[in-house]
Amino acid sequence: MDITRWKSVAVKKSVHEAILALCGKYMGPGTYIEKLVDDQIEYEADKNGISADQWRRKHVKTKQIKVKKRKRS
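Residues numbered from 1 in each chain as written. Predicted model: local features only at pLDDT ≥ 70, side-chain atom pairs only at ≥ 80, totals over all residues. Heavy atoms only, no water.

Trainee: What's the story with the overall build of the chain in this structure? I'm lost.
Mentor: When you go through the chain residue by residue, the secondary structure sums to three helices and zero strands. Out of the 73 residues belonging to the chain, those deemed buried represent 8%. (Helix = DSSP H or I, 4+ residues; strand = E, 2+ residues; numbered from the N terminus. Buried < 20%, exposed > 50% of the residue type's maximum accessible area, 1.4 Å probe, protein only.)

Trainee: Can you walk me through the pattern of salt bridges in this structure?
Mentor: Think of it this way: side chains of opposite charge can pair up when their charged atoms draw near. Following the criterion strictly, the structure yields four salt bridges and no others. The partner of arginine 56 in a salt bridge is aspartate 53, with the nearest N and O atoms 4.0 Å apart. Separated by three residues within a single helix, arginine 56 and aspartate 53 lie in helix α3 (residues 52-59), roughly one turn from each other. Within the structure, one salt-bridge network assembled from shared partners comprises Asp38, Asp53 and Arg56. (Salt bridge = Lys/Arg side-chain N within 4 Å of Asp/Glu carboxyl O.)

Trainee: Help me understand a nonpolar patch on the surface in this model?
Mentor: Taken together, the side chains of Val9, Val11, Val15, Ile33 and Val37 present a nonpolar region at the surface, about 360 Å² in accessible area. With respect to the helices and strands, the residue valine 11 is situated in the segment before α1 (13-23). (Patch = residues over 30% accessible without salt bridge, like charges linked within 9 Å, V, L, I, M, F, W, Y side chains within 5 Å. Areas by Shrake-Rupley, 256 points an atom, 1.4 Å probe, with all protein chains shown as cover.)

Trainee: I keep staring at the packing of helix α2 (residues 29-48) against α3 and nothing clicks. Help me out?
Mentor: When two helices pack together, their arrangement is given by the angle between the helix axes and the distance between those axes. Packing of α2 against α3 leaves a shortest axis separation of 8 Å and a crossing angle of 95 degrees. With respect to each other, α2 and α3 are oriented roughly perpendicular. For the pair formed by α2 and α3, the contact residues are Asp38, Ile41, Glu42, Glu44, Ala45 and Asn48 on the first element and Ala52, Trp55 and Arg56 on the second. Residues that form the contact of α2 with α3 fall into these classes: four nonpolar, one polar and four charged. (Axes fitted to C-alpha atoms, helices over the stretch in contact; angles between N-to-C directions. Parallel < 35°, antiparallel > 145°, perpendicular 65-115°, else oblique. Contact = heavy atoms within 4.5 Å. Nonpolar A, V, L, I, M, F, W, Y, C, P; charged D, E, K, R; others polar.)

Following this line, the structure appears as structure tokens:
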């Protein structure tokens, strides 16, 4: 498994239980967040009159994202 493809997210226990109540046992918090993001991308693409794939190519530039280094004190 390529661990660079995955990010962690913290969700309160009450929110996790609400997600399970809304979606059943088959959709965890990560999957639900992914669904919300995909829905928003489709909404933005429709608003701009382009496809979701075109919107992703235009706005999501994975190779160009650089992490800012924090100064440690």
